[in-house]
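Coordinates in review
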Amino acid sequence: MKFINWKILLFVILTIAAFLRFFKTETVPPSLYWDEVSQGYNAYSILETGRDEHKEIFPLARFKAFGDYKAPVYIYLDVPFIALFGKTPLAVRFPSAILGTLTVVAVFGLVRELFYVNKNKELLAFLSAAVLAISPWHIQLSRVAYEGNVATFFTVAASFFFIFSIRRNKWWIVVSAILFVIAFYSFNAHRVFIPLLVLLLGSVYSKILWKNKKQVLVSGLIGIIMLLPYLSFFRSPESRLRFNEVNIFTDVEVVKKSNEWIEYNHNSLQSKIFNNRRVEYAKSYIKHYFDFFNFNYLFVSGDENPRFSSNDVGQLYIWQLIFIIIGIYALTRENRRVAILIFGWFLLAPIAAATARETPHALRSETFIPIYEILTALGIVFCIVCLSKYDFFKKIFIIGLSCVVSFYFYMFIHNYFVHFPSEYSGTFQYGYAQVVAKAERLRDDYDYIVMTKSYGRPYIYTLFFS
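What counts and what doesn't
Residues numbered from 1 in each chain as written. Predicted model: local features only at pLDDT ≥ 70, side-chain atom pairs only at ≥ 80, totals over all residues. Heavy atoms only, no water. Helix = DSSP H or I, 4+ residues; strand = E, 2+ residues; numbered from the N terminus. Buried < 20%, exposed > 50% of the residue type's maximum accessible area, 1.4 Å probe, protein only. Areas by Shrake-Rupley, 256 points an atom, 1.4 Å probe, with all protein chains shown as cover. Salt bridge = Lys/Arg side-chain N within 4 Å of Asp/Glu carboxyl O. Axes fitted to C-alpha atoms, helices over the stretch in contact; angles between N-to-C directions. Parallel < 35°, antiparallel > 145°, perpendicular 65-115°, else oblique. Contact = heavy atoms within 4.5 Å. Nonpolar A, V, L, I, M, F, W, Y, C, P; charged D, E, K, R; others polar. Expected span 1.5 Å × (residues − 1). Arc of directions from axis to C-beta. Core = buried A, V, L, I, M, F, W, Y, C linked by side-chain atoms within 4.5 Å. Patch = residues over 30% accessible without salt bridge, like charges linked within 9 Å, V, L, I, M, F, W, Y side chains within 5 Å. Phe/Tyr/Trp six-rings, centres within 6.5 Å; stacked < 30°, edge-to-face > 60°. Lys NZ or Arg CZ within 6 Å of the ring centre and 35° of its normal. Left-handed = near helix turned anticlockwise from the far one by under 90°.

Side note on the overall build of the protein chain
Along the protein chain, the regular secondary structure elements total 22 helices and zero strands. Classification of the 466 residues of the protein chain by burial places 53% in the buried group. Summing over all exposed atoms, the protein chain offers an accessible surface of approximately 22500 Å²; the carbon and sulfur share of this is 65%.

Observations concerning the pattern of salt bridges
Applying the stated criterion across every chain yields a total of ten salt bridges. In this structure, the salt-bridge partner of Lys287 is Asp291, at a minimum N-O distance of 3.4 Å. Of this pair, Lys287 and Asp291 are both found in helix 15 (residues 277-291), four residues apart, which corresponds to roughly one turn of the helix. Measuring nitrogen to oxygen at the nearest pair gives 3.4 Å for the salt bridge that ties Asp391 to Lys395. Of this pair, Asp391 and Lys395 are both found in helix 20 (residues 391-423), four residues apart, which corresponds to roughly one turn of the helix. Classification of Asp391 as partly exposed rests on a relative accessible area of 41%. In the salt-bridge network here, residues are joined through shared partners; they are Arg112, Lys121 and Glu122.

Things to note about the packing of helix 17 (residues 320-331) against helix 19 (residues 368-386)
Packing of helix 17 against helix 19 brings their axes to within 6 Å, and their N-to-C directions diverge by 80 degrees. With respect to each other, helix 17 and helix 19 are oriented roughly perpendicular. Every residue of helix 19 that contacts helix 17 at Gln320, Phe323, Ile324, Ile326, Gly327, Ile328, Tyr329, Ala330 and Leu331 is listed here: Tyr372, Glu373, Leu375, Thr376, Leu378, Gly379, Ile380, Phe382 and Cys383. Residues that form the contact of helix 17 with helix 19 fall into these classes: 13 nonpolar, four polar and one charged.

Observations regarding helix 8 (residues 172-186)
The end-to-end C-alpha distance of helix 8 is 21 Å, a good match for the 21 Å that 15 residues give at a rise of 1.5 Å each. Summarising burial for helix 8: eleven of the 15 residues are buried, a large majority. Within the sequence span of helix 8, burial applies to Ile173, Val174, Ser176, Ala177, Leu179, Phe180, Val181, Ala183, Phe184, Tyr185 and Ser186.

Observations concerning helix 22 (residues 458-465)
Taken together, the buried positions of helix 22 are occupied by Pro458, Ile460, Tyr461 and Phe464. The buried side chains of helix 22 occupy one side of the element, clustering within an arc of 160 degrees when seen end-on. Among the structural elements, helix 2 (34-49), helix 3 (73-85), helix 4 (89-114) and helix 21 (432-442) are those in contact with the buried residues of helix 22.

Side note on the nonpolar core
As a rule of thumb, nonpolar side chains are buried together in soluble globular proteins. With 133 residues, the main nonpolar core has Leu114, Phe115, Trp137 and Tyr205 as its most contacted residues. The element that contributes the greatest number of residues to this core is helix 7 (residues 147-167), accounting for 13 residues. Excluding residues that lie within four positions of it along the chain, Trp137 makes contacts with Tyr297, Leu298, Gln315, Leu316, Ala362, Ser365, Glu366, Phe368, Ile369 and Tyr372.

Overview of a nonpolar patch on the surface
A grouping of Ile8, Phe11, Val12 and Ile16 is seen on the molecular surface, where their side chains present a nonpolar patch of about 370 Å² in accessible area. Inspection of the secondary structure puts Ile16 in helix 1 (residues 6-22).

Examining the environment of Ile326
Along the chain, Ile326 turns up in helix 17. Along the backbone, Ile326 and Phe382 are 56 residues apart, and their C-alpha atoms lie at a distance of 7.6 Å. Ignoring sequence-local partners within four residues, the contact set of Ile326 consists of Gly379, Phe382 and Cys383.

Considerations on the packing of aromatic side chains
Enumeration according to the criterion identifies 46 aromatic pairs in this entry. Ring centres 5.6 Å apart and planes at 40 degrees place the aromatic pair Phe160 and Phe164 in the tilted group. Taken as a pair, Phe160 and Phe164 lie in helix 7 at a separation of four residues, close to a single helical turn. Across the pair, Phe164 and Phe160 agree in class, each one buried. Between Lys87 and the ring centre of Tyr44, over which it is positioned, the NZ or CZ distance is 4.4 Å. Residue placement shows Arg307 over the ring face of Trp34; its charged tip is 5.2 Å from the ring centre.

What about the packing of helix 1 against helix 4?
In the contact formed by helix 1 and helix 4, the axes pass within 9 Å of each other and the chain directions differ by 155 degrees. As far as their axial angle goes, helix 4 and helix 1 are roughly antiparallel. The handedness of the crossing between helix 1 and helix 4 is right-handed. Only Phe94, Ala97, Ile98, Gly100, Thr101, Val104, Val105 and Phe108 of helix 4 make contact with helix 1, whose side of the interface consists of Leu10, Ile13, Leu14, Ala17, Ala18, Arg21 and Phe22. Looking at the contact of helix 1 with helix 4 residue by residue, the classes come out as twelve nonpolar, two polar and one charged.

Written as structure tokens, this is what we have:
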């Protein structure tokens, strides 16, 4: 593979990834839904006044928004694009689209560094980036102003610089620490995932980190300083508000079920041990955790919420299944540290998301995506290597796989860009921007203009579009 110019191929893949994430981004999905509008308006407010919509000056730990306390990174990233493009869907969605595109490059770099002893590391890195570029899961999340998508970029980039510091220049671990903290501030689910991932990296590379104590100490101090604004917010009741609203551990139905079982068994000691609420919550958590490995969710219909899936294809393509299985086997034959890291990341990905009542949830578990694409690439490379002695069969395999991939990719793209915008327009509150525009034209003709709350939060649309 030495004759292949990987820089040119990576540029081609990056161009394709950018096109798939920016093409018609103002109209597909058809409208900004209320969380996107909230982020856009708060970015506009910061740009104009240095304060959020509730007049708090430059919030660092969170934005109050609708009372759900949004993570701050996306809003601050959106400020320059609001300044450049105005209050438009393109401006609001630009950070997600651009960082979604750059995640493709970050995955390429991460895979190349992780598998540096593999003689096919460039091919493996290229295929990982290519599969991510056309991933239905990642494309759909990159075209909407999702905090989780931005957090995924910073997570992959931080992991790349961590491995880069291990193998090359040890001072790059400082950059890794900064990016990990930014990922922590980017999305609520990452406030659980990032500490776990850092612990995993630290345990896998503990001996090398011990030799680089000075760099590790500096990066740790920088990380702690950056986390100080969050620590004060963490102690406040408002930090737990959103978690208490959505997590399974505040679900009273679990308590009712536990009490019913105990009463049914006449308050027996055995029932009190095996049917108490703690056991029921544990069983509920395990169920929610394994929901993320549901076959239909992953390979057939995707997330039930059309904001995260077009519902006519899984979060992954069905053709990926066989290569993921082969990739898992191939990973066991790789460097032990790399295998532990990939498998560990894979098992950690749903831990935070599984605490929510709504599972599986494609956005809260987006950290899965790089691992699935790496496993897919590992499976493909393993097959190519196995067929390397049989040139005819290798060509048939590559041609056949290319046809299958093209077929499923076309199906997804056609449905997403042609049918999805009209079929799920209501999910994205289509019509509010048009209503606000009409109200603006009529405002001088009436004393009052009344908007229903039945379809969402009209006040934020009025602020943003008027």
